[in-house]
Amino acid sequence: MTKQSRSENTRLHLVRSAAELFDRNGFSGATLEDVSRAAGVTKGAFYFHFSSKDELAGAIQAEACTLLRNAVHRVLEDRLPVLQSLVDLTHELARWLEHEPVVRASLRTARECGHRGAPFLDFYVDLLSAVETMLISAEQAGDLGGGVAIEQASTLVLTICAGVEMLWWSGIRHGDIRENVREMWKLILPGLVAHDDLARIDPGGPSRPDG
């Protein structure tokens, strides 16, 4: 392994170790010493890669945004109706909320530090952009119901995503997140989709094992 590869692996290990701590303890509740200890590196090695905890938080957001971009590419690659791709994307997010510390840490940090703007809101900004782009494509394809406004529709989808994350993180709600997302889509799809196209959209999302 080259020196550059080792450095890149150490940086990624620091990001993922910090994500697990931020997810569990919050941004303010995790110190740089905690991160260094969890990653098994010295503080000097930490500062070689990151100059501050804010910069580390930005790296976690960037990693989560990469996961999001890859997921958007995957769901659109299936060449399904765009609204189906949007449903599938929210199910991917639900899976991340159960199994992906990088995404969970990004969202928890946004709750704690969102008032500070970038980079703490980067994942939400990218998610909103993806949702709006899909809705615009659906509108252009004639798949949205009459009178559906992109801004209000995208706000509704983001509100569902943020609400689900908060309710399950806090323990107010329990159970299978994807099942709950499916039931919520059953409620809102009739208000979004052109009536003739409603039967084409599966609120349960992708059925493949990795979805």
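What counts, and where the lines are drawn
- Residue positions are given per chain, counting from 1 as you read along its sequence in written order.
- The model is predicted, so local features are restricted to residues of pLDDT at least 70 and side-chain atom pairs to those at 80 or more, both for listing and for counting; the totals for chains, interfaces and linings are taken over all residues.
- No hydrogens and no water enter the side-chain calculation; it runs on all heavy atoms of the structure.
- Any carboxyl oxygen of Asp or Glu that lies within 4 Å of a side-chain nitrogen of Lys or Arg is treated as forming a salt bridge with it.
- Only DSSP runs of H or I reaching four residues or more are called helices, and only runs of E reaching two or more are called strands; each is numbered from the N terminus.
- Partly exposed describes any residue whose relative accessible area lies between the buried limit of under 20% and the exposed limit of over 50%, with all areas from a 1.4 Å probe on protein chains only and scaled to the type maximum.
- Residue contacts are counted whenever heavy atoms from the two residues lie within 4.5 Å of one another.

Chemist: Describe the pattern of salt bridges, and please don't skip the residues or the numbers.
Modeler: Enumeration according to the criterion identifies 15 salt bridges in this entry. Ionic pairing is found between D143 and R200, a salt bridge with its closest N-O pair at 3.7 Å. Within this pair, whereas D143 is found in the loop between α7 (122-140) and α8 (150-170), its partner R200 is found in the segment after α9 (177-192), the two being separated by 57 residues in sequence. The exposure class of D143 is buried, given its relative accessible area of 10%. Between E183 and K186 there is a salt bridge, with the nearest N and O atoms lying 3.5 Å from each other.

Chemist: So what about the environment of G205? Which residues, and what values?
Modeler: Counting through the fold element by element, G205 comes out in the segment after α9. By relative accessible area, G205 is classed as buried at 11%. Separated by 120 residues in sequence, G205 and S85 have C-alpha atoms that sit 8.3 Å apart. When residues no more than four places from it in sequence are discounted, the contact partners of G205 are Q84, V87, D88, H91 and R178.

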